[in-house]
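Topology and contacts: notes
The primary structure of each chain is shown beneath.
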Amino acid sequence: MKQRIVTGVIAAAGFVAIALAGGWFYAGLLVLMAIVGFYEYVRMNGMDWRHPASIIGFAAMLMLALPWQLIGWDQPSALAVLWIEALLLLSVTVIAKNKITIDSVALMLLGSLYVGYGFGALNAVRQLEENGMFWTFMLLGCIIASDVGAYFVGRAIGRNKLWPSISPNKTIEGAVGGILLSLVTAICFAIAAPDKIEIAIALVIGLIAAVAGQMGDLIQSAYKRVRDIKDTGAILPGHGGILDRCDSWIIVFPLVVLSGLLPT
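Residues numbered from 1 in each chain as written. Predicted model: local features only at pLDDT ≥ 70, side-chain atom pairs only at ≥ 80, totals over all residues. Heavy atoms only, no water.

Brief notes about the overall build of the protein chain
- For the protein chain, the count of helices and strands is 10 helices and two strands.
- Each helix and strand of the protein chain, placed in order from N terminus to C terminus, yields the pattern α-α-α-α-α-α-β-β-α-α-α-α.
- Compactness check: the protein chain gives a C-alpha radius of gyration of 19 Å against a globular reference of 18 Å for 264 residues, within 12% of the reference.
- The principal-axis extents of the C-alpha atoms in the protein chain amount to approximately 60 × 45 × 30 Å.
- For the protein chain, the residues scored as buried account for 44% of the 264 residues in total.
- Taking the contacts inside the protein chain whose residues are at least 6 apart along the sequence as the reference set, 69% of them involve residues at least 24 apart.
- On the protein chain, roughly 13,500 Å² of surface is accessible, and the fraction owed to carbon and sulfur atoms is 70%. (Helix = DSSP H or I, 4+ residues; strand = E, 2+ residues; numbered from the N terminus. Rg over C-alpha atoms; globule rule 2.2 N^0.38 Å. Buried < 20%, exposed > 50% of the residue type's maximum accessible area, 1.4 Å probe, protein only. Contact = heavy atoms within 4.5 Å. Areas by Shrake-Rupley, 256 points an atom, 1.4 Å probe, with all protein chains shown as cover.)

Dropping the structure here:
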């Protein structure tokens, strides 16, 4: 636990500092995290990063994650990127005479969307012309509040298991506690900056951050159980890998972006 706390404080402080700096510092960090996260995804699926399908997946993931707006280019259409990736991956199965199976290339298509679009949304929110830093910290604050609320409420009064076959330590009481603390955090942001967000919209965002964030955590837990691994990586001592730490982020940020709740 001591190692977990120390690592968490150092990582959080560094991330906040870079997020405040914004620009290429923050964008570069997110792209690096996306690369590491996709590498973890490739490895947890038992594939080599030099595999043709992995290389195509890496390329598509980067197309989705890169901060094109910072270099003055239009963001590529996610649908176009994924369709071209699917065409290339399916072509690989033909060229390899099915020695590379459709199952393995489908995993790469899923991974590039999951990781690339997730981190791309984190970048997109920070680069918003209207208060990108505010929205970034509000979403992160709600996600963290949900995690903290779920953990401490679950430990204090948790009795009923939320989804024992996927994550045996999570409880319904903890999940509710996480939602409530996320809502409180969202209201605090709205009160602190009434010119940026109304309380009603803040509550919707807080609810999305909590529910989708907890689902993101469960998604990663389910995947790790299927692959029979404890962590996706070991880059953060006591915390696991990038996907372990960002599983909620890469679900919440895209969902909030797609909801249209943030100014464009």
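Thoughts on the environment of Glu-85
- Tracing the chain through its elements places Glu-85 in helix α4 (residues 78–95).
- Placed 80 residues apart in sequence, Glu-85 and Ile-5 show a C-alpha to C-alpha distance of 40 Å.
- Excluding residues that lie within four positions of it along the chain, Glu-85 makes contacts with Ile-56, Gly-57, Ala-60, Met-108, Leu-109 and Ser-112.

Things to note about the layout of surface pockets
- Here the second largest pocket defines a volume of roughly 330 Å³.
- What lines the second largest pocket is a set of 18 residues, among which Gln-69, Gln-75, Gly-120, Ala-121 and Ala-124 lie closest to the centre.
- Listed by contribution, the elements that provide at least two residues to the lining of the second largest pocket are α3 (52–65) and α5 (102–126).
- A total of five residues in the lining of the second largest pocket trace back to one element, the largest contributor, which is α5.
- A class-by-class count of the residues in the lining of the second largest pocket yields 13 nonpolar, five polar and no charged. (1 Å grid on protein atoms, 1.4 Å probe; cavity = no way out; pocket = protein on both sides within 12 Å on 5 of 7 lines; lining within 4 Å. Points joined across faces, edges and corners; volume = space filled by probe spheres on them. Nonpolar A, V, L, I, M, F, W, Y, C, P; charged D, E, K, R; others polar.)

Examining the pattern of salt bridges
- In total, this model carries five salt bridges according to the counting rule given.
- A salt bridge links Asp-244 to Lys-224; the nearest nitrogen and oxygen atoms lie 2.7 Å apart. Here Lys-224 lies in helix α8 (residues 199–227) and Asp-244 lies in helix α9 (residues 242–246), a separation of 20 residues in the sequence.
- Judged by its relative accessible area of 5%, Asp-244 falls in the buried class. (Salt bridge = Lys/Arg side-chain N within 4 Å of Asp/Glu carboxyl O.)

Things to note about the confidence of the model for the protein chain
- This prediction gives the protein chain a mean pLDDT of 92; 97% of its residues lie at or above 70.
- The weakest mean pLDDT in the protein chain belongs to helix α1 (residues 2–21) at 81; the strongest belongs to helix α7 (residues 172–192) at 97. (pLDDT = per-residue confidence, 0-100.)

Let's talk about the environment of Asp-48
- Position of Asp-48 among the secondary structure elements: in the loop between α2 (23–44) and α3.
- Within the local environment of Asp-48, its side chain forms a polar contact with the backbone nitrogen of Arg-50, the two atoms lying 2.7 Å apart. (Polar contact = N/O pair within 3.5 Å; in protein donor to acceptor, adjacent residues only side chain to side chain.)

Some remarks on the packing of α4 against α5
- Running from amino to carboxyl end, α4 crosses α5 at an angle of 160 degrees, the nearest separation of the two axes being 9 Å. Judged by the inter-axis angle, α4 sits roughly antiparallel to α5. The way α4 lies across α5 gives a crossing that is right-handed. Residues Ala-78, Leu-82, Glu-85, Ala-86, Leu-89, Leu-90 and Thr-93 of α4 touch α5, and the partners they reach there are Ile-102, Val-105, Met-108, Leu-109, Ser-112, Leu-113 and Tyr-117.
- In terms of residue class, the contact of α4 with α5 is made up of 11 nonpolar, two polar and one charged. (Axes fitted to C-alpha atoms, helices over the stretch in contact; angles between N-to-C directions. Parallel < 35°, antiparallel > 145°, perpendicular 65-115°, else oblique. Left-handed = near helix turned anticlockwise from the far one by under 90°.)

Looking at the pairing of strand β2 (residues 167–171)
- Relative to β2, strand β1 (residues 161–163) is paired through two bridges, and the arrangement is antiparallel. Bridge pairing in β2 places Lys-161 opposite Thr-171.
- Hairpin geometry of β1 and β2 is characterised by an intervening segment of three residues between the two adjacent antiparallel strands. (Pairing = 2+ DSSP bridges.)

Comments concerning the packing of aromatic side chains
- According to the stated counting rule, one finds nine aromatic pairs in the structure shown.
- Seen from their ring centres, Phe-38 and Phe-58 are 4.7 Å apart, and the 70 degrees between their planes marks the pair as edge-to-face. Note that Phe-38 is positioned in helix α2 and Phe-58 in helix α3, a separation of 20 residues in sequence.
- In this structure Phe-38 comes out as buried when scored by relative accessible area, which is 0%.
- Taken together, the ring pairs connect Phe-38, Tyr-41, Phe-58 and Tyr-223 into an aromatic cluster. (Phe/Tyr/Trp six-rings, centres within 6.5 Å; stacked < 30°, edge-to-face > 60°.)

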